[in-house]
Amino acid sequence: MIESLLERKIEKRPDKVKLQGRILFLTEDSELIRKQLAGEDLPWDTKNPAANPKLRDDISTDEITPAHYCFYFDETLGEIPYLGLKCGDVTPIGRGDVKRGGFVCAVSGKRRGKGSSREQSPYAEMCAGIRVVIAENIERIYKQNCQNLGLLTSTNFSLIDRIRAGEEIALSEFTAGEDEITRQVIEYGGLFPFNVARMQGRVFLPPIQHKSEFLGMAGGVRRYRTEPMTLAEKIFARHMINEQGEVGMPSVKPGDTGFARADLRFSHEYVTPMAAIFFERYVGPDAKVNDASSIIFFRDHLTFLDEVISEEKKKLGLLDLATQLKLKQQNFAAKQGIKLHGELKDRKGSEGICHSIVLESYALPGQLNIGSDSHTPHVGAIGCVAFGIGTTDVFNSWITQDVRVKVPESVKIVIRGHKHANVTAKDFILKILSLDYVRSGKALAKVMEYAGEAIEALSVDERATMTNMAAEIGGFTGIVAPDEKAVDFLVERRKMDRQKAEAMIEGLYSDKDAQYAHAIELNAAEITPMVATPGDPGNGKYVRDLNTPVPVEIAYGGTCTAGKNEDMDMYAAVLADALKQGKRIAGSVKFYIQFGSQETREYCMRLGYLEVFQKAGAIVIEPSCGACINAGPGVSTRPDQIVISAQNRNFPGRSGPGQMYLASPYTVAASAVAGYIVEYEPSADRELVRA
């Protein structure tokens, strides 16, 4: 494999770019979009921005490429871009419209590309003819996916006039402000050609400068005195590859760029097939991945798709395509000797959601893990750096066992005091998501480090809700310093030797004088149960501030975020209370409870929760991602349908056409019983929160 790549001819792209075509302005006004699709070019005044129509902010990858269409992993995706884009209640862009329109550039507002890490989104744009995307700011994973594929990105709106004039634009306009490695990735036209040039010794990897003093060896490990570092920086330092190709260096600081060795690489059936095709096409059909033992595949996203996919989509062949995704992953895993956590043999369902299983069985404190999903930070709950990557990063990591990184800044989020009994980690994160600092995009691509008494009091399961939803913040990752609770988790859930677990967490904390980009302080006592109103996880408000009762038809408890053991404790607590009071789930509501893993299902069986769920009238589902990605029971079917869900996202169309409110497991279950959105009021005679 290496020999063939060493002989591969690789060329840089030209140093000037000529973008011939039209510009598509993704505005809030659906009629203006329709006019552009019909052939009318929209006037745009780059010198007086206030005079221009309002651009759509927060365009998610769900809107660029709705989940069902990601079953395609070839150039058919060029017919798909922006099919889910909403302007109010209207979706103005139809299949093939962008490709037919001759557009070379797409322009939008803040936080372009938020949400899922699906590389199908920029790939679809490229296949439709888009060569550059311009936005006020761009989410990290989406931007990196664009760069990896060769799609140009910019936040410079003055380029609009130059593109329209048909000018040649220096490639340096698109590399300005980027780190040295990203600049070269753009110049080589993508990550794979860059990595081949890297193997051939043709690229420049900037050395990481650090101030340190060698203190000697201890237990076979070099010890240094360095500048103060955050927890995430310490973990990056352990994994960065130095100029000699060795793993580990004394220190790093925000802005340092390089490649980091990954302890664990995982992907699921939405991404593995496309990555496998790239691997076989660009590396070779018989090539072997680098260290198959540290790669894991999951069949977890589409297990229940056949139960909810529409007849219209079946006629388009999308269900058959989804089956091909499964088979391609299965065959590639067998060929490469890669562990696949797949479907159950004796009943419908999967072994578990990737994030759930990685936390339960694989991730360790101090590791650096990468996964093909934006919620990979889930495992930061036990003190490791874990982050989502796109398809090209996945397949390149199979070659090199490392991943390109720019050491991010950290934001310290301290939640002090003690929470109310009916408040959970989900309420904390919905509060954080509602803050101006997050909503304005200032937290993008930063590490969210959670601390304070209220965080320390949370179990590992609850901390995972916080780290998981760093993805909704747009953060690089989320992390909690590992402590005795992390040790207990490893001992009780993994049967690990306590001394070994305690040794793992040694030194995994932020230094006293570590530098942060920003600090957020909250008082747990001031936070009451919250919901995020439909459209965005950042639309947080207190349940008690809802002006009128909000009746619900569907309640959903599950996904990686809310399908863990402690989430099940919460659903069971609410439903047990209801049964004691002679109540069941409201007749107007369907309440779905879905396990995150088989381990969690077995936990519920041991504690008798399945009987409680059944008596109360809940519908219990085997593990899978399901409703969260519009691929399982619990999705809405009508625009007027109101859903309350414990999942992590409520972007338009993500889980059906209905109106979705996000909330904690307590609030979801209590609302299922009441028939409308309410706070849970625990019984006074029973301790609510498990020790």
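Our subject is the structure that appears above.
Described below are features of the structure shown in this document. Owing to the predicted nature of the structure, the values given are computational and were not obtained by experimental measurement. (Residues numbered from 1 in each chain as written. Predicted model: local features only at pLDDT ≥ 70, side-chain atom pairs only at ≥ 80, totals over all residues. Heavy atoms only, no water.)

## Some details on the packing of aromatic side chains
Item 1. Counted under the stated rule, the structure contains 21 aromatic pairs.
Item 2. With a centroid separation of 5.3 Å and 35° between ring planes, the pair formed by F192 and Y282 is classed as tilted. With F192 in helix α10 (residues 191-199) and Y282 in helix α12 (residues 272-282), this pair connects stretches of sequence that are 90 residues apart.
Item 3. A residue is classified by how much of its surface remains accessible, and F192, at 8% relative accessible area, is buried.
Item 4. Note on Y282: relative accessible area 33%, which makes it partly exposed.
Item 5. Here the aromatic residues Y123, F192, F278, Y282 and F395 are joined through ring pairs into a cluster of three or more.
Item 6. In this structure, R198 is placed above the aromatic ring of F259, and the distance from its NZ or CZ to the ring centre is 3.6 Å.
Item 7. Above the plane of the ring of Y509 lies K234, whose end atom (NZ or CZ) is 4.1 Å from the centre. (Phe/Tyr/Trp six-rings, centres within 6.5 Å; stacked < 30°, edge-to-face > 60°. Helix = DSSP H or I, 4+ residues; strand = E, 2+ residues; numbered from the N terminus. Buried < 20%, exposed > 50% of the residue type's maximum accessible area, 1.4 Å probe, protein only. Lys NZ or Arg CZ within 6 Å of the ring centre and 35° of its normal.)

## Topic: the environment of R183
Item 1. Checked against the element boundaries, R183 lands in helix α9 (residues 180-187).
Item 2. The exposure class assigned to R183 is partly exposed, which follows from its relative accessible area of 24%.
Item 3. For the pair R183 and E40, spaced 143 residues apart in sequence, the C-alpha to C-alpha distance is 35 Å.
Item 4. If we ignore the near neighbours within four places in the chain, the residues touching R183 are T175 and E178. (Contact = heavy atoms within 4.5 Å.)

## A look at the sheet that holds strand β11 (residues 295-298)
Item 1. Reading across the sheet, the 5 strands line up as β12-β11-β10-β13-β14 and stay open at both edges, with parallel pairing between neighbours. Unpaired on one side and paired on the other, β12 (339-341) and β14 (385-388) mark the two borders of the sheet. Neighbouring strand axes in the sheet, compared pairwise and without regard to direction, differ in orientation by 20° on average.
Item 2. Taken together, the 4 bridges between strand β10 (residues 264-268) and β11 define a ladder with parallel strand orientation. Looking at the pairing, R265 lines up with I295 of β11.
Item 3. Across the sheet, helix α11 (residues 231-239) touches β13 (368-371) and β14, and the angle it forms with β14 is around 85°. (Pairing = 2+ DSSP bridges. Axes fitted to C-alpha atoms, helices over the stretch in contact; angles between N-to-C directions.)

## Concerning the packing of α10 against helix α16 (residues 391-400)
Item 1. Put simply, α10 and α16 touch, their axes get as near as 10 Å, and they point 20° apart. Considering the angle they form, α10 stands roughly parallel to α16. The handedness of the crossing between α10 and α16 is right-handed. For the pair α10 and α16, contact is made by L191, F192, N195, R198 and M199 and by T392, D393, F395, N396, I399 and T400, respectively. (Parallel < 35°, antiparallel > 145°, perpendicular 65-115°, else oblique. Left-handed = near helix turned anticlockwise from the far one by under 90°.)

## Points about unusual backbone geometry
Most peptide bonds are trans, and most residues other than glycine sit at a negative phi.
Item 1. Phi is positive for D291, which is not a glycine, with a value near 60°.
Item 2. Residue position: D291 is located in the loop between α12 and β11.
Item 3. Positive phi, close to 75°, is recorded for T559, a residue that is not glycine.
Item 4. Along the chain, the position of T559 falls in helix α24 (residues 559-562).
Item 5. Assessed through its relative accessible area of 3%, T559 is described here as buried.

## Notes on the nonpolar core
Item 1. Counting residues in each nonpolar core, the largest one holds 106 residues, and the members touching the most others are F236, F279, L302, L368, F387, F395 and W398.
Item 2. Beyond its immediate sequence surroundings of up to four residues, F387 is in contact with R140, F236, L368, N369, I370, G371, T376, P377, V403, V405 and F476.
Item 3. Among the nonpolar cores identified, the runner-up in size contains 42 residues, and V550, F591, F595 and A616 belong to it. (Core = buried A, V, L, I, M, F, W, Y, C linked by side-chain atoms within 4.5 Å.)

## Re the pairing of strand β25 (residues 642-645)
Item 1. Here β25 shows a buried face lined by I642 and I644 and a second buried face lined by V643 and S645.
Item 2. In terms of strand pairing, strand β22 (residues 554-557) meets β25 through 3 bridges, oriented parallel. Within β25, the residue paired with A555 across the bridge is I644.
Item 3. Of the pairings in the sheet, the one linking β25 to strand β26 (residues 659-663) comprises 4 bridges and is parallel in character. Paired with I644 across the two strands is Y661, which belongs to β26.

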